[in-house]
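Residue-level structure breakdown
Listed here are the chains, written in short residue letters.
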Amino acid sequence: MRVNILFIGDVMGRPGRAMVERHLPRLREEYDVGLVVANAENAAGRAGITPAVAEELWNAGVDVLTLGDHAWDQKEIVPAIDELGRLLRPANYPAAPGRGMAVVESRQGVPVAVINLLGRVFLPVHPDCPFRTADALLGEIAGRARVVLVDFHAEATSEKTALGWYLDGRVTAVVGSHTHVQTADERVLPGGTGYITDAGMTGPADGVIGLDRERALRRFLTQMPTAFALAKGASQFNGVVIEVDAESGRALSLRRVAFREEDGA
């Protein structure tokens, strides 16, 4: 049996959520998608997530939500996250509420383990080692799911590439998130693990990684603190579709999805 998994790159603010709501039904049908995972760490405003925003994305058809270094930016998520089983925070956050891994069923009834990890290079956070955390979680998953998707939310391309090779043959796919720029290095590694350094961003298309470009330029030019805001105008959708052999857990292909909507949201 083959299962297609759609991973949606960082959903940013209301424009990103609107793109998911408008286009996910079509994409599910077009790619025969059995499971949808989206990184939603920028889904509320421009940073973090709230329970209401999580519900909005689940109602739009997303099955599992992952987070990253902005996981706790919206304070109301902290007391609520333990009750939100399909919302994952990075598993290598030490002693944090919530969970970093979940096993869910695809539409075909195939168990799929989703793991959320956070990088340590060039980020202002200090999580536990993502490599050793992955080892521990794979031990927990053994016997529960052959299909394993890892969202590695990290800045450095080297760290992402290293984790891809480290997990090759042990997970179905390692998909990078965080930079908001979709990379063109998608491939299936020799052991059968699909890999891409970054799935990109779903949200404002013509800003600076989704933010208002005038404010971003002011900060670069003056080095003075500047309040960021989301860019206006056109919106984009970025993600990847992973075709999986459910019996072996190997990725058969990994394809980028990228389009824009000129009217924006």
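A few points on the structure.

Conventions we followed
- Residues numbered from 1 in each chain as written.
- Predicted model: local features only at pLDDT ≥ 70, side-chain atom pairs only at ≥ 80, totals over all residues.
- Heavy atoms only, no water.
- Core = buried A, V, L, I, M, F, W, Y, C linked by side-chain atoms within 4.5 Å.
- Buried < 20%, exposed > 50% of the residue type's maximum accessible area, 1.4 Å probe, protein only.
- Helix = DSSP H or I, 4+ residues; strand = E, 2+ residues; numbered from the N terminus.
- Contact = heavy atoms within 4.5 Å.
- Pairing = 2+ DSSP bridges.
- Salt bridge = Lys/Arg side-chain N within 4 Å of Asp/Glu carboxyl O.
- Polar contact = N/O pair within 3.5 Å; in protein donor to acceptor, adjacent residues only side chain to side chain.
- Axes fitted to C-alpha atoms, helices over the stretch in contact; angles between N-to-C directions.

1. Remarks on the nonpolar core
Core analysis: the biggest nonpolar cluster contains 37 residues, and Ile8, Val20, Ile49, Leu57, Val62, Leu65 and Leu87 have the highest contact counts within it. Within the residue set of this core, elements represented by two or more residues are strand S1 (2-8), helix H1 (13-30), strand S3 (33-39), helix H2 (51-59), helix H3 (77-80) and strand S13 (235-245). With residues near it in sequence (within four places) discarded, leucine 65 still touches Ala38, Ala40, Ile49, Ala54, Leu57, Trp58, Arg86, Leu87 and Leu88. Residues Leu88, Val104, Val112 and Val244 belong to the second largest nonpolar core, which totals 24 residues.

2. Looking at the environment of leucine 123
By secondary structure assignment, the location of leucine 123 is in the loop between strand S7 (111-118) and helix H4 (130-141). When the C-alpha atoms of leucine 123 and aspartate 69 are compared, they prove to be 7.9 Å apart, with 54 residues separating the residues in sequence. When sequence neighbours within four positions are dropped, the list of residues in contact with leucine 123 reads Asp69, Leu118, His153, Ala154, Glu155 and His178.

3. Considerations on the pairing of strand S12 (residues 201-204)
Of the strand pairs in this sheet, strand S2 (residues 10-11) and S12 are connected by 2 bridges, and their pairing is parallel. Across the sheet, the residue bridging to aspartate 10 is methionine 201, located in S12. Here S12 runs beside S13; their pairing, made up of 2 bridges, is antiparallel. Paired with glycine 203 across the bridge in S13 is glutamine 236.

4. Side note on the pattern of salt bridges
Charged atoms that come close allow side chains of opposite charge to pair. A full pass over the atoms with the stated rule returns 12 salt bridges. Of the charged contacts, one joins aspartate 135 and arginine 170 as a salt bridge, the two residues approaching to 2.9 Å between their closest N and O atoms. Taken together, the residues aspartate 135 in helix H4 and arginine 170 in the loop between helix H5 (157-167) and strand S9 (173-177) connect sequence positions 35 residues apart. A residue is classified by how much of its surface remains accessible, and aspartate 135, at 28% relative accessible area, is partly exposed. For arginine 170, a relative accessible area of 37% gives the class partly exposed. We note a salt bridge from lysine 160 to aspartate 198, for which the minimum N-O separation is 2.8 Å. With lysine 160 in helix H5 and aspartate 198 in the loop between strand S11 (194-196) and S12, this pair connects stretches of sequence that are 38 residues apart. Lysine 160 sits in the buried class, given a relative accessible area of 1%. Accessibility expressed as a relative area gives 1% for aspartate 198, which makes it buried. Several salt bridges converge on common partners, so that one network encompasses Arg14, Arg17, Glu21 and Glu56.

5. Description of helix H6 (residues 213-222)
Two to three positions downstream of the cap, the backbone nitrogen of glutamate 214 sits 3.2 Å from a side-chain oxygen, assigning the N-cap of H6 to aspartate 212. Glutamine 223 sits one or two positions beyond H6 and adopts a positive phi of about 60°.

6. Remarks on unusual backbone geometry
You will see that aspartate 32, though not glycine, has its phi angle at about 50°, which is positive. For aspartate 32, the location among the structural elements is in the loop between H1 and S3. One non-glycine residue, alanine 95, lies in the positive phi region at around 55°. Structurally, the position occupied by alanine 95 is in the loop between strand S5 (87-88) and strand S6 (101-105). Judged by its relative accessible area of 86%, alanine 95 is exposed.

7. A word on the sheet that holds S9
Strand order across the open sheet formed by 6 strands is S6-S7-S8-S9-S11-S10, with mixed pairing between neighbours. Since the sheet does not close on itself, it has two edges, and those belong to S6 and strand S10 (187-188), each with one partner. Here S10 runs beside S11; their pairing, made up of 2 bridges, is antiparallel. Paired with valine 188 across the strands is glycine 194, a residue of S11. Packed on one face of the sheet, H4 meets S6, S7 and strand S8 (147-153) and runs near 160° to S7.

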